[in-house]
Amino acid sequence: MSRATKIGEREPPARSSRRGLTRTGVPRAEPTAVYSRASFCKAHGLSESFYHKLKNEGLGPDELRLGSKVLITHEAAARWRAARERASA
């Protein structure tokens, strides 16, 4: 029996491996300076497989690579959205 159960308190939820989300699966309240691939896809309503399809066709946003991390700046996302809007017009 854990100490929290003895006292009658709730135990904290298990750690989540999903980056950019809180333990309960809710996006962080404060915006970050960059998107991860997953947070970019979630913010723009894309699946990650469609994101990779766009990248392979040369239609994805510019990526910033820091070591093994792949990040997308908000400016790159804005340029990507503008380019996609021009292409659809």
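Residues numbered from 1 in each chain as written. Predicted model: local features only at pLDDT ≥ 70, side-chain atom pairs only at ≥ 80, totals over all residues. Heavy atoms only, no water.

> Got a minute to help me understand the overall build of the chain in this structure?
Helix and strand content of the chain: four helices and three strands. Across the 89 residues of the chain, 19% fall into the buried class. Counted over contacts in the chain with a minimum sequence separation of 6, partners at least 24 positions apart contribute 35%. (Helix = DSSP H or I, 4+ residues; strand = E, 2+ residues; numbered from the N terminus. Buried < 20%, exposed > 50% of the residue type's maximum accessible area, 1.4 Å probe, protein only. Contact = heavy atoms within 4.5 Å.)

> Teacher, can you tell me more about the pairing of strand E3 (residues 69-73) here?
Side-chain direction in a regular strand flips from residue to residue, so the side chains alternate between the two faces of the sheet. In this structure, strand E1 (residues 34-36) lies alongside E3, joined through three bridges in antiparallel fashion. Its bridge partner being in E3, Ser36 is matched across the sheet by Leu71. Across three bridges, the pairing between strand E2 (residues 64-66) and E3 is antiparallel. What sits directly across from Arg65, in E3, is Val70. (Pairing = 2+ DSSP bridges.)

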